[in-house]
Amino acid sequence: MNALEYAEKAGDLFVLPDSVTKIKQLIDDGSASINEVAEVINHDPAIAAQILKIANSALYKFPAVITTVNKAIQIIGTDSVYDLVLAYGISHAFKDMNDSDIDFTVFWELGVSCGLLAKYLAQETAAKNPDKLFVCGLLHNIGELAILQLSPDLAEKCSAFSVEKCPVTLQSEHLGFTYAEISAELLKLWGIPSEIYGPIAHQHAALHKPQSHEEKVLQLAANLALNNVYGEIYSRLDNINPAQYEILNLDLDDLDAALDFTNMQLISTLAIFSPSTFSIY
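Source: prediction; values computed, not measured.

Just to check I follow, could you spell out the pattern of salt bridges for this structure?
Where side chains of opposite charge bring their charged atoms close, a pairing between them can arise. For the structure on display, the rule yields five salt bridges. When the shortest N-O distance is used, the salt bridge between D83 and K132 registers 3.0 Å. In this pair, D83 sits in helix 6 (residues 78-93) while K132 sits in helix 8 (residues 130-138), placing the two residues 49 residues apart along the sequence. For D83, a relative accessible area of 0% puts it in the buried group. Notably, a salt bridge pairs K119 with D131, separated by 2.9 Å at the nearest N-O pair. Here the residue K119 occupies a position in helix 7 (residues 104-124), and D131 occupies one in helix 8, the gap between them amounting to twelve residues.

Set out below in structure tokens:
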């Protein structure tokens, strides 16, 4: 199977929650008011609770406690709420997967780390929408879940990466494509905007020359996150060419600051997007 075929089969297995689809349709309409968006979110207590958790988290650092969805939308913005609802809904579309096939703690640690790094780097480099890059990072590797579900033997081979063979090399060898391609195709099938699936499709610096600021940020964040989560295999700067951060006018001190921020926020953010993994800490 090619990447699109894996995505199509995964799309039949993993379905977005109905409430997320309704919220997405409402916000996509473009004419919905804050009150209308808040009303739909409030109909799903789980999503409403997550929006309030996110609004009151270190991701935003708002000085006063936000107690209503309406206020959260006013503070965060409709576009960011849209992105975060999608992120929460997509992360929970995979909640029924057999956890014996994957270490979900590590999987979501990688996604959340990449999301936090992408948002931090986006803010430091004056990107237009840091929240959208957080979502790109969070979802950058969901294609792995499709392979785990549909071809676990191939997933096992792709997981045996090392200093000599990084994940993208093994994926290309055993699949003929990468998890990034499946991730992008699956998001496209779900109707997720190209501003999210585009950078995800081009996240590998070894395969794609970045064409936008967002792609530059995500490529750097993805490599930093891999090194950070798999510190027993990789050092801080493995898989990273200095040009990747220099092109963003960043230096090594900036990368250290990004990693410090990420590691401080990791557990609390992981609890929002993957509550089941938080119970082990």
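Can you walk me through the packing of helix 2 (residues 18-29) against helix 3 (residues 34-42) in this structure?
Angle between the axes and distance between the axes are the two parameters that describe a pair of packed helices. Running from amino to carboxyl end, helix 2 crosses helix 3 at an angle of 175°, the nearest separation of the two axes being 10 Å. Classed by the angle they form, the pair helix 2 and helix 3 counts as roughly antiparallel. Listed contacts from helix 3 to K22, I23, L26 and I27 of helix 2 are E36, V37, V40 and I41. Across the contact of helix 2 with helix 3, the residue classes tally to six nonpolar, no polar and two charged.

I tried to follow the state of the cysteines on my own but got confused; where do I start?
Per the stated rule, a full pass over the model turns up zero disulfides. Counting only cysteine sulfurs, C136 is the nearest neighbor of C114, a cysteine outside any disulfide, at a range of 8.9 Å. C158 takes part in no disulfide bond, and the closest cysteine sulfur to it belongs to C166, at a distance of 12 Å. A relative accessible area of 2% places C158 in the buried class.

Sorry if this is basic, but what is going on with unusual backbone geometry here?
Apart from glycine, the bulk of residues carry a negative phi angle, and the bulk of peptide bonds sit in the trans form. Despite not being glycine, N239 has its phi angle at roughly 65°, a positive value. Position of N239 relative to the elements: it lies in the loop between helix 14 (213-229) and helix 15 (242-246). Not every positive phi belongs to a glycine, and N249 is a case in point at roughly 60°. As for its placement among the helices and strands, N249 is situated in the loop between helix 15 and helix 16 (252-273).

Would you take a moment to explain the packing of aromatic side chains for this structure?
Aromatic rings considered in pairs are described by the distance between their centres and by the relative angle of their planes. On inspection of all chains with the given rule, the structure shows seven aromatic pairs. Each member of the aromatic cluster is reached from another via a ring pair, and the members are F14, F94 and W190. In this structure, K119 packs its charged tip against the face of Y60, placed 4.2 Å from the ring centre.

Definitions and cut-offs
Here the residue numbers are simple positions, counted from 1 along each chain's written sequence. This being a predicted model, a pLDDT of at least 70 is required before a residue's local features are given, and a value of 80 or more before pairs of side-chain atoms are given or counted; all residues contribute to the totals for chains, interfaces and linings. Values reported for side chains reflect all heavy atoms of the structure, with hydrogen atoms and water molecules removed beforehand. The working definition used for a salt bridge is a side-chain nitrogen of Lys or Arg within 4 Å of a carboxyl oxygen of Asp or Glu. Strands here mean DSSP runs of E at least two residues long; helices mean DSSP runs of H or I at least four residues long; both are numbered from the N terminus. Exposure categories follow from relative accessible area, calculated using a 1.4 Å probe and restricted to protein chains: below 20% of the type maximum is buried, above 50% is exposed, and the middle band is partly exposed. Helix axes use the C-alpha atoms of the stretch in contact, all axes being lines fitted to C-alpha atoms, and the angles between their N-to-C directions lie in the range 0 to 180 degrees. Here is the rule for angles: anything less than 35 degrees is roughly parallel, anything more than 145 is roughly antiparallel, 65 through 115 is roughly perpendicular, and the remaining ranges are oblique. Residues are treated as being in contact if the distance between any of their heavy atoms lies within 4.5 Å. Note on residue categories: nonpolar means Ala, Val, Leu, Ile, Met, Phe, Trp, Tyr, Cys or Pro, charged means Asp, Glu, Lys or Arg, and polar means any other residue, Gly included. In this description, a disulfide is simply a cysteine sulfur pair whose atoms lie within 2.5 Å. To pair, rings of Phe, Tyr and Trp, with the six-membered ring standing in for Trp, must have centres within 6.5 Å; the planes then decide the type, stacked if under 30 degrees apart, edge-to-face if over 60, and tilted in the middle. By definition here, charges over rings are those cases where NZ of Lys or CZ of Arg is within 6 Å of the ring centre and within 35 degrees of the ring normal.

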